[in-house]
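Here are the chains, one letter per residue:
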Amino acid sequence: MAMDVLNKVLPDSETRPDISHDDGDRERFAHYVQKDKITQSAVTGDPVIALCGKVWVPNRDPKKFPVCPDCKRTYEEMMK
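Residues numbered from 1 in each chain as written. Predicted model: local features only at pLDDT ≥ 70, side-chain atom pairs only at ≥ 80, totals over all residues. Heavy atoms only, no water.

A. Geometry of the overall build of the protein. Secondary structure summary: the protein contains two helices and four strands in total. Secondary structure elements of the protein occur, N-terminal to C-terminal, as β-β-α-β-β-α. A buried classification covers 32% of the 80 residues belonging to the protein. By sequence separation, contacts in the protein at least 24 residues apart represent 66% of the contacts at least 6 residues apart. Accessible area for the protein stands at about 5,200 Å²; split by element, carbon and sulfur atoms hold 51% of it. (Helix = DSSP H or I, 4+ residues; strand = E, 2+ residues; numbered from the N terminus. Buried < 20%, exposed > 50% of the residue type's maximum accessible area, 1.4 Å probe, protein only. Contact = heavy atoms within 4.5 Å. Areas by Shrake-Rupley, 256 points an atom, 1.4 Å probe, with all protein chains shown as cover.)

B. Region of interest: the pattern of salt bridges. Summed over the entire model, instances satisfying the criterion amount to two salt bridges. For Asp70, the salt bridge identified is with Arg73, shortest N-O distance 2.4 Å. Taken together, the positions of Asp70 and Arg73, both in helix α2 (residues 69–78) and three residues apart, correspond to about one turn of that helix. What makes Arg73 partly exposed here is its relative accessible area of 46%. Ionic pairing is found between Lys80 and Glu77, a salt bridge with its closest N-O pair at 3.1 Å. A residue is classified by how much of its surface remains accessible, and Lys80, at 77% relative accessible area, is exposed. (Salt bridge = Lys/Arg side-chain N within 4 Å of Asp/Glu carboxyl O.)

C. Summary view of the side chain of His31. Position of His31 among the secondary structure elements: in strand β2 (residues 31–34). Within the structure, the side chain of His31 is placed 3.5 Å from the backbone oxygen of Phe29, a separation counted as a polar contact. (Polar contact = N/O pair within 3.5 Å; in protein donor to acceptor, adjacent residues only side chain to side chain.)

D. Broad picture of the confidence of the model for the protein. In this model, the protein carries an average pLDDT of 76, and 68% of its residues clear a pLDDT of 70 or more. A low-confidence stretch, residues 1–5 (pLDDT under 50), is modelled with ten contacts involving residues beyond four sequence positions or located in other chains. pLDDT under 50 marks residues 10–23. Its contacts with residues more than four places away, or in other chains, come to 43 contacts. (pLDDT = per-residue confidence, 0-100.)

E. Here's a closer look at the side chain of Ser41. Relative to the helices and strands, Ser41 resides in helix α1 (residues 35–44). Within the local environment of Ser41, its side chain forms a polar contact with the backbone oxygen of Asp46, the two atoms lying 2.6 Å apart. If we skip the residues at most four places from it in the chain, Ser41 touches Asp46, Val48, Val57 and Pro58.

F. Main features of the state of the cysteines. The tally for this structure, following the rule as stated, stands at zero disulfides. No disulfide involves Cys68; its sulfur sits 3.9 Å from the nearest other cysteine sulfur, which is in Cys71. In this structure Cys71 is not part of a disulfide, and its nearest cysteine sulfur, from Cys52, lies 3.7 Å away. (Disulfide = S-S within 2.5 Å.)

See below:
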């Protein structure tokens, strides 16, 4: 099932606890997450899950980072 609205988001900053569950490679990218989940995270502080599986609390400007290739590939597959 395709996500209706997607938005690019980024990993947590130094002021947030590191709740990432991967090897750190995904820290360099902007990730795709459902837009309503980003809004919910902004209100509650709860982590989000990107299409690639990265889990974190977004709070950085996604325009400053390249798009995660795994998120992009997954999104493109969903749109077929």
